[in-house]
Each structure stands twice: as C-alpha cells, then as structure tokens.
Amino acid sequence: MAGHEFPEPADRKRQVADPTTPQAEAQPRHSCDPAFKHGVVVGFDGSTSSERALAYAIGMASRSGSGLIIVHVANRLPTTVWAGCEPPVFVDVPDHRTEVLGLELACAEYLSEVPWILVERGGDICHELEEVGREYEADAIVVGSTHGLVGRIFGSVAGRLARRAQRPVIVIP
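Note that the coordinates shown come from a computational prediction; the quantities given were computed from them, not determined experimentally.

## A few points about the overall build of the chain
Secondary structure summary: the chain contains 5 helices and 7 strands in total. Mapped from its N terminus to its C terminus, the chain presents α and β elements in the order β-α-β-β-β-α-β-α-β-α-α-β. The burial tally for the chain puts 34% of its 173 residues in the buried class. Sequence separation of at least 24 residues holds for 71% of the intrachain contacts in the chain that already meet a minimum separation of 6. Of the roughly 11,700 Å² that the chain leaves accessible, carbon and sulfur atoms contribute 56%.

The following block contains the structure:
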C-alpha cells in the first residue's frame with residue numbers, strides 16, 4: 001500500500017453491477033504487466049529479418065533498462081459470408097508457431113540479458129503491434145524489413161507501421 005492511499009471504511013458498501021442490465025460499452029484492454037511498461041515492442045515470427053530486429057531490440061532494452069515485449073501475430077484469413085451482403089469475416093487459423101517460438105525463445109541464452117514476455121495476437125500485424133505498443137506505453141516498436149515479392153505488392157509491414165504508428169518505429173534491414 002502506498003503512502004497516499006487511504007483504506008475505504010468498512011461500513012461503506014461497494015456498488016455491485018446489476019447482471020440483468022446491459023453494459024453500455026466493453027471495457028478497454030488494460031496494460032497486462034506493469035513491469036514491462038515503457039518497454040520495447042518487437043515483432044517476431046522466426047524469420048531472419050525478425051531475428052535481426054529481436055537482436056537490436058534486446059540491445060535497446062538492455063541499454064535502457066526496460067523490458068522486452070515480443071509480439072507474434074497469428075495468421076487470420078478473410079472468409080466469404082454466403083448469407084447476404086455482409087462484410088467479410090476473419091477466421092483465426094490455428095497457429096502453433098507461437099508455442100514453438102515461445103519454446104525456442106525460452107531456451108535462448110541471448111534473452112537472459114533482459115526481462116521479456118511473449119504476446120500472441122491475431123489479426124493485422126500493423127494494428128496489433130501498435131495496439132500492444134499502446135497497451136504497454138512502449139518507447140519504441142522494432143520490426144524487420146520485408147524483402148521479397150509479397151512486400152513489394154502489398155506493402156511492407158514496416159512501411160505501413162511507420163506511416164500510422166503513434167510511437168517511434170525502428171526498421172532493421
């Protein structure tokens with residue numbers, strides 16, 4: 001208990017929400033672990049470019065004395081809705097890569113330098129990285145650059161993230 005907190009009197013009753021009344025809006029997601037607040041977020045999928053981004057992020061977190069939030073975004077595929085003209089629905093594809101990546105990272109000696117957590121998300125990579133950065137109030141987001149035809153056609157994650165992010169984005173070649 002901090003010095004500025006005062007306990008609530010025992011005779012004061014706390015209001016309990018009535019389960020029969022609908023809530024106006026869903027509660028926003030809160031930061032998970034305060035120990036990682038103002039840490040470094042890094043996108044990681046096991047590729048060579050994400051391994052370079054992870055190495056840079058480890059050094060950055062180590063120098064700043066902060067935690068490392070490693071984010072793996074699972075694949076989501078659009079599927080057609082056959083009943084009517086509704087917008088496309090996104091379906092989570094089973095992705096066991098997060099478990100495999102988590103085991104590999106847990107055994108990696110180079111991660112012993114900094115405290116780290118692995119966060120799994122599903123959806124658009126840019127949106128999810130920025131969302132995790134917002135939740136943890138991250139100082140920066142580190143991503144690897146995309147090399148290849150897919151990045152040239154659809155635009156790279158790093159380029160899209162750099163255009164829309166609300167915090168510094170570091171792109172590692």
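## What about the pairing of strand 6 (residues 140-144)?
Of all 5 residues that make up strand 6, 5 are buried, and the element is covered over most of its length. Along strand 6, one buried face is formed by A140, V142 and G144 and the opposite face, lined by I141 and V143, is buried too. Judged from the 3 bridges that link them, strand 1 (residues 40-43) and strand 6 form a sheet pairing that is parallel. Counterpart to V40 in the pairing with strand 6 is A140.

## Quick notes on the side chain of S66
Considering the arrangement of structural elements, one finds S66 in the loop between helix 1 (48-64) and strand 2 (68-74). Side-chain polar atoms of S66 contact the side chain of S64, separated by 2.9 Å. In this view, S66 contacts H38, G39, V40, A61, V114 and P115; residues no more than four positions away in its chain are not counted.

## Quick notes on the nonpolar core
Formed by 20 residues in total, the largest nonpolar core has its most connected members in V40, V42, L54, L68, I70, L111 and V142. Contributions of two or more residues to this core are made by strand 1, helix 1, strand 2, helix 2 (97-107), strand 6 and strand 7 (169-172). Non-local contacts of V42, meaning those with residues more than four positions away in its chain, are made with A53, L54, A57, L68, I69, I70, V71 and V142. One finds I69, C126, V132 and I141 within the second-largest nonpolar core, a separate group that totals 16 residues.

Rules of the game
Residues numbered from 1 in each chain as written. Predicted model: local features only at pLDDT ≥ 70, side-chain atom pairs only at ≥ 80, totals over all residues. Heavy atoms only, no water. Helix = DSSP H or I, 4+ residues; strand = E, 2+ residues; numbered from the N terminus. Buried < 20%, exposed > 50% of the residue type's maximum accessible area, 1.4 Å probe, protein only. Contact = heavy atoms within 4.5 Å. Areas by Shrake-Rupley, 256 points an atom, 1.4 Å probe, with all protein chains shown as cover. Pairing = 2+ DSSP bridges. Polar contact = N/O pair within 3.5 Å; in protein donor to acceptor, adjacent residues only side chain to side chain. Core = buried A, V, L, I, M, F, W, Y, C linked by side-chain atoms within 4.5 Å.

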